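# Close look at the chain arrangement
Here's the letter readout for the chains.
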Amino acid sequence: MITYQAENVRFPNIKKRETTAWIKAVAASYGKKVGEIGYLFCDDEKILEVNREYLGHDYYTDIITFDYDEGDTLNGDIVISLDTIRSNAELFHKDYDEELHRVIIHGVLHLCGINDKGPGEREIMEAAEDRALSMRSSK
């Protein structure tokens, strides 16, 4: 089951049923099934608080993924700052809705085992995001 909540922000304009089906399709393309995934959409201050408290990082970010996977079943909590999504969309001249969906699936891709911190990993993640986004637009 995938749950969606918002704290300190208006709930984003996403279609929950379609988004859930898309996330499940992306997970399946990696041989995974969805267990319990919880999304929390929040503001910059909340994600900074989570970053400090749980990761010891003192900076803003667009997403934090907590991975509780069990075998091929994806389980996790995904915290997304809508403030940073908006700033990044403007900075990179992207559509806000596309940037939001890119970040939504970014967390799932982390749960599928794709990283983006090591050498060459960012390009692999971006390619995976692009593939996942194309799955969304083909629906």
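See above for the structure.
Scope of this entry: the structure provided in the associated data block. (Residues numbered from 1 in each chain as written. Predicted model: local features only at pLDDT ≥ 70, side-chain atom pairs only at ≥ 80, totals over all residues. Heavy atoms only, no water.)

Time to look at the sheet that holds strand β3 (residues 63–67). In spatial order, the strands read β1-β2-β4-β3; together these 4 strands make up an open sheet with mixed pairing. Where the open sheet ends on each side, the last strands, each with one partner, are β1 (2–6) and β3. Between one strand and the next, the sheet's axes are offset by a mean angle of 15 degrees, whatever the strand orientation. The pairing of strand β2 (residues 33–42) with strand β4 (residues 73–81) spans 8 bridges and is parallel. Note on β4: the bridge partner recorded for Tyr39 is Ile78. Relative to the sheet, helix α3 (residues 82–91) contacts β2 and β4, its axis offset from that of β4 by approximately 70 degrees. (Pairing = 2+ DSSP bridges. Helix = DSSP H or I, 4+ residues; strand = E, 2+ residues; numbered from the N terminus. Axes fitted to C-alpha atoms, helices over the stretch in contact; angles between N-to-C directions. Contact = heavy atoms within 4.5 Å.)

On to helix α4 (residues 96–111). Residue pairs spaced three or four apart in an α-helix point in one direction, given the helix's 3.6 residues per turn. With 16 residues, α4 extends 23 Å between its outermost C-alpha atoms, agreeing within 8% with the 22 Å of an ideal straight helix rising 1.5 Å per residue. Summarising burial for α4: 13 of the 16 residues are buried, a large majority. The opening residue of α4 is Asp95, an N-cap whose side-chain oxygen sits 3.1 Å from the backbone nitrogen of Asp97. Just downstream of α4 lies Gly113, where phi reads positive at about 105 degrees. (Expected span 1.5 Å × (residues − 1). Buried < 20%, exposed > 50% of the residue type's maximum accessible area, 1.4 Å probe, protein only. Polar contact = N/O pair within 3.5 Å; in protein donor to acceptor, adjacent residues only side chain to side chain.)

Right, let's talk about the layout of surface pockets for a bit. If you roll a probe as big as a water molecule over the atoms, it shows you where there is empty space left. A volume near 700 Å³ is recorded for the largest pocket. Counting residues per element, the lining of the largest pocket draws most heavily on α4, at 5 residues. Empty space within the second largest pocket amounts to approximately 200 Å³. Forming the boundary of the second largest pocket are 13 residues, of which Leu40, Phe66, Asp77, Ile78 and Val79 lie nearest the centre. (1 Å grid on protein atoms, 1.4 Å probe; cavity = no way out; pocket = protein on both sides within 12 Å on 5 of 7 lines; lining within 4 Å. Points joined across faces, edges and corners; volume = space filled by probe spheres on them.)

Here we come to the pattern of salt bridges. Where charged atoms from two side chains of opposite charge approach closely, those side chains can pair. Counting across every chain of the model gives 10 salt bridges. A salt bridge links Glu126 to Arg122, with the shortest nitrogen-to-oxygen separation between them at 3.3 Å. Here Glu126 pairs with Arg122, and both are found in helix α5 (residues 121–137), just 4 residues apart, close to one helical turn. A relative accessible area of 37% means that Glu126 is categorised as partly exposed. Classification of Arg122 as partly exposed rests on a relative accessible area of 33%. (Salt bridge = Lys/Arg side-chain N within 4 Å of Asp/Glu carboxyl O.)

Moving on: the nonpolar core. One finds Ile23, Tyr39, Phe41, Ile80 and Ile104 to be the most contacted residues of the largest nonpolar core, which totals 30 residues. Listed by contribution, the elements that provide at least two residues to this core are β1, α1 (16–29), β2, β4, α3, α4 and α5. In terms of residue count, the dominant contributor to this core is α4 (7 residues). If you look at the next biggest cluster of nonpolar residues, it comprises 7 residues, including Cys42, Val50, Phe66 and Val79. (Core = buried A, V, L, I, M, F, W, Y, C linked by side-chain atoms within 4.5 Å.)

Our next topic: unusual backbone geometry. Backbone geometry at Asn8 places phi at a positive 70 degrees, although glycine is not the residue there. Mapped onto the elements, Asn8 comes out in the loop between β1 and α1. Located in the positive-phi region is His93, a residue other than glycine, with phi close to 55 degrees. By the element assignment, His93 lies in the loop between α3 and α4.

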